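Analysis of the macromolecular model
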There are 2 protein chains.
Amino acid sequence: MIKQKGILFVLSGPSGVGKGTVRKALFEKDTALQYSISMTTRPIRPGEQEGVDYFYRSKDTFEAMIGDNQLLEHAEYVGNYYGTPRDYVEKTLDEGKDVFLEIEVQGALQVKANFPEGVFIFLSPPSLEELKNRIINRGTETEALVMNRLKAAKDEIELMDAYDYVVVNDKVDHAVEKVQAIVKSEHCKRERVASAYKKLLEVSQS
Amino acid sequence: MIKQKGILFVLSGPSGVGKGTVRKALFEKDTALQYSISMTTRPIRPGEQEGVDYFYRSKDTFEAMIGDNQLLEHAEYVGNYYGTPRDYVEKTLDEGKDVFLEIEVQGALQVKANFPEGVFIFLSPPSLEELKNRIINRGTETEALVMNRLKAAKDEIELMDAYDYVVVNDKVDHAVEKVQAIVKSEHCKRERVASAYKKLLEVSQS
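Note that the coordinates shown come from a computational prediction; the quantities given were computed from them, not determined experimentally.

Okay, the overall build of chain A next. Scanning chain A for helices and strands turns up eight helices and nine strands. Here chain A, with 206 residues, has 45% of them falling under the buried criterion. Long-range contacts, defined here as pairs at least 24 residues apart, represent 68% of the contacts in chain A between residues at least 6 apart. Per element, the accessible surface of chain A, about 10,500 Å² overall, is 49% carbon and sulfur.

Below you can see the structure in the form of structure tokens.
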């Protein structure tokens, strides 16, 4: 039986932009996405479940996995490791399910290096949109303030360049709709559809 | 004043696939898209308006425009020319409006050659989806029938290769939702957003 493979979607952006809020609102509306389960070295807490909240591993195991490039990204936080296991992501994608990962910019860049076939979405603060209007209507602001804004905007544009999509988080609902549109349209990409059919035709002739 | 440029969307696919039905249903839901107005040499009819139903031009003018590469595509039908004027499309895009063109496969390939920055959507018959199941469950069909299906599927996959997206027209509503998702997500493409901001920053510093 042949299924279309799932797609790894990575939602990232500057801290404070509202990634968690958008992700939660998205998962309330969209039940077909599988949220990526992280691996950690921190001890399991009461009420948590292995493979549901986290995959719990020893520090030795985790470090061995880092050495074997078995994590799409990892970071240390308050003395514990956290990371995204490649094996879990690939197995889920092979089952035809999309995996959704919400992560800081540094983590996203690690995923991009290790799994470039993912789809990378940059959640942008609304100020970038506002900036447009402010610069256009300037004269009401000091030049120093405008220069600061320009500098901040330039830094963000440079961050964006590693991503496939930019979603402005002006309103959570709008941002969620855009992420849903990206998920839907990525499944219609000709490369994916045509290669699935090509594979199908090969199989059927063997 | 700086606006994001519009995008040219081209919906095409084999004849009989339901392009017109999908386009009509899309325009009932989506009023932000501008349907591409064609140019023709056929005489204007009572009730029609220049620049609304068609742009009406003489055969000489039309042929001069063909010679000047001023048409994104053109064809002859029952002794009259029909075509898509480049100038009209570019002006509409510059105003920040998306242009939507529904057209036969041959016309779409001409547009692709003349305007590769368009977004090309292949509307695929549901039989391609069905084919998957039929081939998987075969044994209930003669081998000749299966081979015919394979041949037809291969021809369609080759046609697809010029397109950016493939939308299966299994149900009109589903197809419309997918086209709308493509329109929305294309506006979030990083290349477009980042280049708009880069342009903005250049302008604001001059």
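Below, the discussion takes up the pattern of salt bridges. In total, this model carries 20 salt bridges over all chains according to the counting rule given. For B:Arg42, the salt bridge is made with B:Glu48, and the minimal N-O distance between the two is 2.8 Å. When its relative accessible area of 7% is taken as the criterion, B:Arg42 is described as buried. Salt bridges sharing partners connect three or more residues here, namely A:Glu186, A:Lys189 and A:Arg192.

Right, let's talk about the sheet that holds strand β2 (residues 33–35) of chain A for a bit. Residue and element names in this part refer to chain A. The strand order across the open sheet built from five strands is β2-β7-β1-β8-β9, with neighbouring strands paired in parallel fashion. In the strand order of this sheet, the two ends are held by β2 and β9 (165–168), each with one partner. Shown here is a sheet whose adjacent strand axes are inclined to one another by a mean of 30°, direction ignored. For β2 and strand β7 (residues 98–102), the ladder comprises three bridges, and the chain directions are parallel. Bridged to Tyr35 within β7 is Phe100.

Okay, helix α1 (residues 19–29) of chain B next. All names here are of chain B. Residues of α1 that are buried include every one of Lys19, Val22, Ala25 and Leu26, and no others. Down the axis of α1, the smallest arc covering the buried residues is 140°, so these residues share one side. Residues of α1 that are exposed and angled more than 90 degrees away from the buried face: Lys24 and Glu28.

Residue and element names in this part refer to chain A. For Glu48, the position within the fold is in the loop between β3 (39–40) and β4 (55–56). A polar side-chain atom of Glu48 sits 2.5 Å from a polar atom in the side chain of Tyr56. Setting aside its immediate chain neighbours within four residues, Glu48 contacts Arg42, Asp53 and Tyr56.

Here the focus is the packing of α1(B) against helix α7 (residues 172–186) of chain B. All names here are of chain B. Relative orientation of the contacting elements α1 and α7 amounts to 65°, with a least axis distance of 9 Å. Once α1 is placed against α7, the crossing between them reads as right-handed. Residues Thr21, Val22, Ala25, Leu26 and Lys29 of α1 pack against Val172, Ala175, Val176, Glu177, Val179 and Gln180 of α7. For the contact of α1 with α7, the residue count by class is seven nonpolar, two polar and two charged.

Residues and elements named next belong to chain A. Following the criterion strictly, the structure yields 16 aromatic pairs over all chains and no others. Taking 5.5 Å as the distance between ring centres and 85° as the angle between the ring planes, the aromatic pair formed by Phe27 and Tyr35 counts as edge-to-face. Three or more aromatic residues joined by ring pairs form one cluster here, namely Tyr54, Tyr56, Tyr77 and Tyr82.

Residues and elements named next belong to chain A. Mapped onto the fold, Leu159 is located in helix α6 (residues 143–160). For Leu159, a relative accessible area of 31% puts it in the partly exposed group. Ignoring anything within four residues of it in the chain, the contact list for Leu159 reads Val105 and Phe122.

With that settled, consider the UniProt feature "binding site: ATP" (unreviewed entry) in chain A. Residues and elements named next belong to chain A. Using the residue numbers shown here, the UniProt feature "binding site: ATP" (unreviewed entry) corresponds to Gly13, Pro14, Ser15, Gly16, Val17, Gly18, Lys19 and Gly20. Among the structural elements, Gly18 can be located in the loop between β1 (8–12) and α1 (19–29). When neighbours within four sequence positions are excluded, Gly18 is seen to be in contact with Leu123 and Asn169. Examined against the element boundaries, Lys19 turns out to sit in helix α1. Setting aside residues up to four positions removed in sequence, Lys19 forms contacts with Leu11, Ser12, Gly13, Pro14, Glu102, Ile103, Glu104 and Leu123. Of the polar contacts made by the side chain of Lys19, one reaches the backbone oxygen of Pro14; its length is 3.4 Å.

Attention now moves to the pairing of strand β8 (residues 119–124) of chain B. Residue and element names in this part refer to chain B. With six of six residues buried, β8 is to be regarded as a mostly interior element. What you see with β8 is no split at all: Val119, Ile121 and Leu123 on one side and Phe120, Phe122 and Ser124 on the other are buried throughout. As paired elements, strand β1 (residues 8–12) and β8 share four bridges and run parallel to each other. In the strand pairing of β8, Val10 is matched with Phe120. Where β8 meets strand β9 (residues 165–168), four bridges bridge the pair, whose relative direction is parallel. Within β9, the residue paired with Phe122 across the bridge is Val166.

Definitions and cut-offs
- Residue indices follow the written sequence of each chain, beginning from 1 at its first position.
- Going through the entries in the order they are written, you letter the chains from A and number the ligands from 1.
- For this predicted model, a pLDDT threshold of at least 70 governs which residues receive local features, and a threshold of 80 or more governs which side-chain atom pairs are given and counted, while totals over whole chains, interfaces and linings are taken from all residues.
- Just so you know, side-chain values use all the structure's heavy atoms and leave hydrogens and water out.
- Helix numbers and strand numbers start at the N terminus; a helix is a DSSP run of H or I with at least 4 residues, a strand a run of E with at least 2.
- Exposure is judged per residue with a 1.4 Å probe applied to protein chains only, and the accessible area is read against the type maximum: over 50% gives exposed, under 20% gives buried, and values in between give partly exposed.
- Two residues form a contact once any of their heavy atoms are found within 4.5 Å.
- Reported accessibility uses the Shrake-Rupley method at a 1.4 Å probe radius. Residues are deemed covered only where the shown protein chains occlude them.
- By definition here, a salt bridge exists when the distance from a side-chain nitrogen of Lys or Arg to a carboxyl oxygen of Asp or Glu is within 4 Å.
- Pairs of strands are assigned from DSSP output, requiring at least two bridges between the strands.
- Only the stretch in contact is used when fitting a helix axis, every axis being a line fitted to C-alpha atoms; angles between N-to-C directions are given from 0 to 180 degrees.
- Directions are taken from the helix axis to each C-beta atom, and the arc is the one they span.
- Whenever two N or O atoms come within 3.5 Å, that pair is a polar contact, provided that in protein one can donate a hydrogen and the other can accept it, and provided that, for residues adjacent in sequence, both atoms are side-chain atoms.
- Should the near helix be turned anticlockwise from the far one by less than a right angle, the crossing is termed left-handed; should it be turned clockwise, right-handed.
- The residue classification treats Ala, Val, Leu, Ile, Met, Phe, Trp, Tyr, Cys and Pro as nonpolar and Asp, Glu, Lys and Arg as charged. All others, Gly included, are polar.
- Whether two aromatic rings pair depends on their centres lying within 6.5 Å, for rings of Phe, Tyr and Trp, where Trp uses its six-membered ring; planes under 30 degrees apart make the pair stacked, over 60 edge-to-face, and the rest tilted.
- UniProt positions are given in the numbering used here, feature names are shortened, and annotations may be inferred rather than shown by experiment.

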